[in-house]
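Descriptive analysis of the structure
Okay, here's what each chain looks like letter by letter:
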Amino acid sequence: MSQTHLEYKDRVNLGSYYTPPKIVQLAWELIEPYVDSQTTIIDTACGYGDFLIDYGQAATIGCDIDEDAIEMARKNTDKVLFFRTNSLHNISREKLEIPQQSTKLIVVGNPPYNDKTSLIRHKIKQVDFEVDEDIGSRDLGISFLRSYNKLAADFVCVLHPLSYLIKPTNFRHLKEFTANYKLIDGILISSGEFPESAKHTPFPIIIAFYQRDNKGMEYNYIRSFPFRIGDGLHFCLSDFDYITNYIRKYPSKQHQPVPGDSLFFWTIRDINALKRNRTFVQNYSSNTIVLDKTKLDYYAYVDVFKRNLYRLPFYFGNCDVPIDDALFKQYKHCFISDAIRHHPFLEKHFQINPITEKVVESKIDMYFRELLGKYHQCNTVSYDSKSSF
């Protein structure tokens, strides 16, 4: 059920969003084979308790900081132990009343992920509840993952942004968790599946299934991990080379503008940021990169890539811009021609023979179809049955 008792600003700050039943079902399809009569299931940010299903486990526990949500959850079932608490403060198995006789603890749910530094909805963000110092983070979702490690859960099956895993900086922030858990399955869905959060650019969410493992996992493991994307297909980061291996994506204090002789490009964070932001700009600011002109053709590539983002499915949203360098060099003049057509001031920086617009469009289309292969225009994924995954 939708969390209708909360106003919009409260949903943002508590990270309380209704999870569609088909997504709850997908999570349970992952954990069901591991549930037995000695298992405790717990959702430490349970809302109305949608994830707390009875599959014959010994105990089921639901916790939430929202008292109204807990009262509503109690009305929906009498087979769950519910109580109101801040699950990120004074964390312990005793506090959460996890039975000592349980031989297996499984965490399930859709915990809040609210990056306090994100510009999206930043004007109404005000997270003011206590979080234990050793799990504190600018993002509540990372704090929740760290909390599961403190509980020493045997399995964790929760939804969180894919960016936690695929962005190296975020992955490092999870070191307490990734040192003790290994991703054993992961299904990618779009944030657009959540009607209450679909007002902004959709981003990839993973239904992540982790197993406790004292060997943990390194970032290279994630780079090679086959994330499920439906219809028997998988998405793997290592299928591509990325533009970050060729150019700088962020401003650098070591590269300052030379008056009258510099070119500028907007910061390149990831593909979703590229959707929102400009590419080439003519004025310097704290958000612009002073270009290395020997790399100008690669920035032209990113400019053209932005106009072709419609070709990419949602799960590329938090990735770097992919590139096939050898293939790009075959079509480079077409990319440069297209960049000049949209930014005429670039013409004096390139020396190329004129190419007709029709040829440019055809060659660029060929490039992207070859680059993306099976991922090209894969915009529709079915989540309704086990056979899809």
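Please read these numbers as outputs of a predicted model, since none were measured by experiment. (Residues numbered from 1 in each chain as written. Predicted model: local features only at pLDDT ≥ 70, side-chain atom pairs only at ≥ 80, totals over all residues. Heavy atoms only, no water.)

Let us now look at empty space enclosed by the protein. Enumeration according to the criterion identifies 2 cavities of 30 Å³ or more in this entry. Here the second largest cavity is characterised by a volume of approximately 40 Å³. Looking at the second largest cavity, the residues that line it are Phe265, Trp266, Thr267, Ile268, Arg269, Asp270, Ala273, Leu274, Asn277 and Arg278. Only strand 11 (264-266) and helix 9 (271-276) provide two or more residues apiece to the lining of the second largest cavity. Residue classes in the lining of the second largest cavity are distributed as 5 nonpolar, 2 polar and 3 charged. (1 Å grid on protein atoms, 1.4 Å probe; cavity = no way out; pocket = protein on both sides within 12 Å on 5 of 7 lines; lining within 4 Å. Points joined across faces, edges and corners; volume = space filled by probe spheres on them. Helix = DSSP H or I, 4+ residues; strand = E, 2+ residues; numbered from the N terminus. Nonpolar A, V, L, I, M, F, W, Y, C, P; charged D, E, K, R; others polar.)

Now for the packing of aromatic side chains. For the structure shown, the criterion picks out 36 aromatic pairs. Geometrically, the ring pair formed by Tyr301 and Phe328 is edge-to-face, given 5.0 Å between the ring centres and 70° between the ring planes. Of this pair, Tyr301 sits in helix 10 (residues 296-306) while Phe328 sits in helix 11 (residues 325-342), and the two are 27 residues apart along the sequence. Clustering of aromatic rings is evident, with ring pairs tying together Tyr246, Tyr298, Tyr301, Phe305, Phe328, Tyr331, Phe335, Tyr367 and Phe368. (Phe/Tyr/Trp six-rings, centres within 6.5 Å; stacked < 30°, edge-to-face > 60°.)

Looking now at helix 11. Its axis deflected by about 70° at Tyr331, helix 11 carries its strongest bend there. Summarising the contacts, the buried residues of helix 11 are in contact with helix 10, strand 14 (322-323) and helix 12 (357-372). (Bend = angle between axes of the 7 residues up to and from the residue. Contact = heavy atoms within 4.5 Å.)

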